[in-house]
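Report on the structure
Here's the letter readout for the chains.
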Amino acid sequence: MTATPLTATDFRHALGQFATGVTVITAPRPSGPGPSQIPGQAYGMTANSFTSVSLDPFLTLVCVDQRSHLLPLLKQNRLFGVNVLKEHQQDVSIYFARPDQTPEAEAKLGIRYRWTPAGIPLLEDTLAQIVCKVVASYIAGDHTIFLGEVQSADLFPGEPLLFFRSHYRQLAPPRQ
Ligand SMILES: Cc1cc2nc3c(=O)[nH]c(=O)nc-3n(C[C@H](O)[C@H](O)[C@H](O)COP(=O)(O)O)c2cc1C
C-alpha cells in the first residue's frame with residue numbers, strides 16, 4: 001500500500017491536534033521618520049509557537065514567519081516581550097494577528113502597555129509578562145526560530161486562553 005503524500009492542510013490539521021496557550025510577542029517599533037516608525041509605539045504578534053527550551057540557562061523559543069512585521073524588529077532590537085493571554089482575551093489575540101495596529105484600535109480594546117526600563121512594551125492584564133533577550137536565531141523553512149534567554153518573568157492570577165484545532169478554547173474546571 002502506498003502512503004498518501006502529506007498536504008499542507010494535513011500538516012495543519014495534524015499540528016492543530018496539539019493544544020497550546022496563546023501569547024503576544026511584543027517589541028518596540030524603531031523611532032525615526034516614516035509612517036510605521038512612531039516613537040514609543042509597540043508592535044505585537046500573536047504566537048502559539050512559544051516553547052520552553054532549557055532550565056540552565058533559562059531559554060525559550062518562538063518561531064516567527066519570515067514575512068512578519070515582527071521579524072526585523074526582533075533582529076534589530078534583540079529584546080522582546082512574551083505576554084501570555086488570559087481566557088477572556090480572544091479579541092486581543094485576533095487583533096495582534098493583524099498587521100494594521102493603531103493606538104485608536106488598541107484604546108477601543110482596552111489594550112494598555114507597561115514599558116520596562118530597557119524599553120520593552122509588555123501587555124497589561126495578562127497571565128504572564130516575560131522579557132527575553134535574543135541569543136540565537138535560526139532560519140527554519142518559512143519561519144525563523146528565535147532563541148530567547150529569559151531576563152524577567154512576572155506572573156498574575158487568572159486562567160489561560162487556549163488554541164486547539166484552529167479554535168479558541170478555555171480550560172475546563174479541574175477533575176476532582
Ligand atoms: C492563535 C495564533 C497563533 C499564531 N502563532 C504564530 C506563530 O507562532 N508564529 C508566527 O509567525 N505567526 C503566528 N500567527 C500568525 C500571526 O499572528 C499573524 O498572522 C502575522 O504576524 C501577520 O501579521 P504581520 O504580517 O503584521 O506580522 C498566529 C496567529 C494566531 C491567530
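Starting from 1, residues in each chain are numbered consecutively following that chain's sequence as written. Only residues with pLDDT of at least 70 get local features here, since the model is predicted, and only at 80 or more are side-chain atom pairs given and counted; chain-wide, interface and lining totals rely on the full set of residues. The basis for the side-chain values is all heavy atoms of the structure; hydrogens and waters are excluded.

Once that is clear, we can look at a nonpolar patch on the surface. Together, Leu-6, Phe-11 and Leu-15 line one region of the surface with nonpolar side chains, adding up to about 340 Å² of accessible area. Secondary structure elements follow DSSP: runs of H or I no shorter than four residues count as helices, runs of E no shorter than two count as strands, and numbering proceeds from the N terminus. Note that Leu-15 resides in helix α1 (residues 8-16). Residues enter patches when their relative accessible area tops 30% and they take part in no salt bridge; the joining distance is 9 Å for like charges and 5 Å for the nonpolar side chains Val, Leu, Ile, Met, Phe, Trp and Tyr. Where accessible areas are quoted, they stem from the Shrake-Rupley method and a 1.4 Å probe; at the residue level, only the protein chains shown are allowed to cover. The salt bridge definition used is simple: a Lys or Arg side-chain nitrogen within 4 Å of an Asp or Glu carboxyl oxygen.

Attention now moves to the pairing of strand β12 (residues 167-170). Pairs of strands are assigned from DSSP output, requiring at least two bridges between the strands. For strand β11 (residues 161-164) and β12, the ladder comprises four bridges, and the chain directions are antiparallel. When the sheet's bridge partners are listed, Phe-163 is paired in β12 with Tyr-168. The turn joining β11 and β12, which pair antiparallel and follow one another in sequence, is formed by two residues; a positive phi near 50° is taken by Arg-165.

We call a set of buried Ala, Val, Leu, Ile, Met, Phe, Trp, Tyr and Cys residues a nonpolar core when their side-chain atoms join them within 4.5 Å. Working definition: with a 1.4 Å probe on protein chains only, accessible area under 20% of the residue-type maximum means buried, over 50% means exposed, and in between means partly exposed. By size, the foremost hydrophobic cluster in this structure holds 20 residues, and its most contacted members are Ile-25, Val-62, Val-64, Leu-70, Leu-74, Phe-80 and Phe-146. Within the residue set of this core, elements represented by two or more residues are β2 (23-28), β3 (42-47), β5 (59-65), α2 (70-77), β6 (79-84) and β9 (128-140). Contact criterion: two residues are considered in contact whenever any of their non-hydrogen atoms come within 4.5 Å of each other. For Val-64, the residues in contact, after removing those within four places along its chain, are Met-45, Leu-70, Leu-71, Leu-74, Asp-142, His-143, Thr-144 and Phe-146. Membership of the second largest hydrophobic core comes to eleven residues, among which are Ala-42, Phe-96, Tyr-113 and Leu-123.

Tracing the chain through its elements places Cys-132 in strand β9. For Cys-132, a relative accessible area of 0% puts it in the buried group. A C-alpha to C-alpha distance of 28 Å links Cys-132 and Lys-108, two positions 24 residues apart in sequence. The residues touching Cys-132, leaving out its near neighbours within four places in the chain, are Thr-60, Arg-78, Leu-79, Phe-80, Val-82, Gly-148, Glu-149, Val-150 and Gln-151.

Here three strands make up an open sheet; going across it, the order is β1-β11-β12 and the pairing antiparallel. The open sheet has two edge strands, β1 (20-21) and β12, and neither has a second partner. Pairing between β1 and β11: two bridges, direction antiparallel. Residue pairing for β11: Gly-21 is matched across the bridge by Leu-162.

Defined by distance alone, a disulfide is two cysteine sulfur atoms within 2.5 Å. This model, assessed by the stated rule, comprises zero disulfides. Left unpaired, Cys-132 is separated from the closest cysteine sulfur, that of Cys-63, by 13 Å.

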